[in-house]
Amino acid sequence: MTPFIVTVFVLVYLGMLLGGLPFLQLDRTGVVLLGVIALTATEALPLEQVWQAIHLPTLALLFAFMVISAQLRLGGFYGWAVGRLGELDLSPPMLLGALIAIAAGLAAVFSNDIICLAMAPVLIEVCFARQLDPLPYLLALACAANIGSAATLIGNPQNMLLGEMLRLSFADYLLMASIPVGLGLLVTWGIIAALTRGRWQRSDSSPKPLEQTRTDENWPQLDRWQTAKGLTVATALFAGFLFVHWPRALMALAGAALLLTSRRLHSYRMLGLIDWQLLVLFIGLFIVNHALQQTGLPTQAVAALGASGFDLHAPAPLFVTSFLLSNLVSNVPAVMLLLPVATDPLSGPLLALSSTLAGNLLIVGSIANIIVVQAAERRGIRIDWRDHARIGVPVTLATQAIAAISLWFGR
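Residues numbered from 1 in each chain as written. Predicted model: local features only at pLDDT ≥ 70, side-chain atom pairs only at ≥ 80, totals over all residues. Heavy atoms only, no water.

**Description of a nonpolar patch on the surface**
Taken together, the side chains of Leu-11, Leu-14, Leu-17, Leu-18 and Leu-328 make up a nonpolar region of the molecular surface, amounting to roughly 430 Å² of accessible area. Take the nonpolar patch: its biggest share by element is four residues, from helix α1 (residues 2-18). Relative to the helices and strands, Leu-18 is located in helix α1. (Patch = residues over 30% accessible without salt bridge, like charges linked within 9 Å, V, L, I, M, F, W, Y side chains within 5 Å. Areas by Shrake-Rupley, 256 points an atom, 1.4 Å probe, with all protein chains shown as cover. Salt bridge = Lys/Arg side-chain N within 4 Å of Asp/Glu carboxyl O. Helix = DSSP H or I, 4+ residues; strand = E, 2+ residues; numbered from the N terminus.)

And the structure:
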């Protein structure tokens, strides 16, 4: 069955690259699910191996933090934070810096995708109200959320995966990542401020804001009690991850269960905000990658590369490969592919930083970028690949260089 498994694997990762398959109404999750069905229906992968392939602690941790983020979204916290930011008497460059700091800090705990989804629509309104060009601020939101999410092992799905699979220390990783992430955010502010200098205000030719219906779901008012509950649970979990030697997934599930037992927020509203597509994507990739590993081909390929002088077990080749793969098939699939060669003590932090920071290079490099672009499009603001690359390319190259230097000296 090896040729069949390889064919399915290639088609699945082609779907990751293209965002779907030609002539079929399938997105990335649909492609992966179709691949899993093909592998199991033909018994290329026995069902008992399917369950062995799925890493439940990673899925549990991801699900739990989706619940916590749903609590804060329904409590109106994210929109309130951006609204309060817009009320501050700050110059446009200082407002940009404050936005970068807030987005990065929140993304380090509540995931970059969620932060961009919740903050982008309100940020656009703030920019329109202050007669500011939304473009640099929206791009700053995406870049800062991606960079900030690299600071912790709960900031994005690939970091959760690495933390659980490689059993990385939450505190040690935070300490190691804080310097490159902090410097990366400063450089990001400098690059965007320099490229936008003198062009902060909206011009007459700027697109006019479109009318948009503000539903309670998209524009919830601040509920102080629900927000306080969500922040309390998140703070307690963060402290627990730092100081308590207990499985992170179990602690996170306990926190999610506490929030779901509410007298005011119905569970269907919170569960309705869970990204089930992402969870299915994770499960599917676990299974497809496991099937390929069982053929022995990846081990042979790694050995062949090592014999030719490109040893993926070594930090430098792994760093380069992670960067390239993350921009070809997205960072989550890239990390899953590279996990078997993550044997060096530095491999976990290296993969977490390089794959996450690589997401700023192109719009398709990160779901957070796509979310911001789509939010802008709904309000009549067009962000094409050139607009993004003008800021994304220098930000990515600079932050990758900072991460590489930091990892080198931190060995």
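Picking up where we left off.
**Details of the packing of helix α8 (residues 134-149) against helix α10 (residues 170-196)**
The N-to-C vectors of α8 and α10 enclose an angle of 165 degrees; their axes lie 10 Å apart at closest approach. The pairing of α8 with α10 is recorded here as roughly antiparallel in orientation. In the crossing of α8 with α10, the sense of the turn from one axis to the other is right-handed. Across the interface between the two elements, Pro-136, Ala-140, Cys-143, Ala-144, Ile-147 and Gly-148 of α8 pack against Val-181, Gly-184, Leu-185, Thr-188, Ile-192 and Thr-196 of α10. Split into classes, the residues belonging to the contact of α8 with α10 amount to eight nonpolar, four polar and no charged. (Axes fitted to C-alpha atoms, helices over the stretch in contact; angles between N-to-C directions. Parallel < 35°, antiparallel > 145°, perpendicular 65-115°, else oblique. Left-handed = near helix turned anticlockwise from the far one by under 90°. Contact = heavy atoms within 4.5 Å. Nonpolar A, V, L, I, M, F, W, Y, C, P; charged D, E, K, R; others polar.)

**Points about the environment of Gly-284**
Looking at where Gly-284 falls in the secondary structure, it is placed in helix α14 (residues 276-295). C-alpha separation for the pair Gly-284 and Cys-127, spaced 157 residues apart in sequence, amounts to 40 Å. If we ignore the near neighbours within four places in the chain, the residues touching Gly-284 are Val-32 and Val-36.

**Here we look at the packing of aromatic side chains**
This structure, assessed with the given rule, holds 10 aromatic pairs. Ring centres 5.3 Å apart and planes at 55 degrees place the aromatic pair Phe-170 and Phe-241 in the tilted group. In this pair, Phe-170 is assigned in helix α10 and Phe-241 in helix α11 (residues 224-243), connecting sequence segments 71 residues apart. With respect to class, Phe-170 is no different from Phe-241; both count as buried. An angle of 70 degrees between the planes, with centres 6.1 Å apart, marks the rings of Phe-282 and Phe-286 as edge-to-face. Of this pair, Phe-282 and Phe-286 both sit in helix α14, four residues apart, which is roughly one turn of the helix. Residue classification places Phe-282 among the buried positions, given a relative accessible area of 0%. These aromatic residues form a ring-pair network of at least three members: Phe-65, Phe-170, Phe-238 and Phe-241. (Phe/Tyr/Trp six-rings, centres within 6.5 Å; stacked < 30°, edge-to-face > 60°. Buried < 20%, exposed > 50% of the residue type's maximum accessible area, 1.4 Å probe, protein only.)

All quantities given are derived from atomic positions and should not be read as evidence of function.
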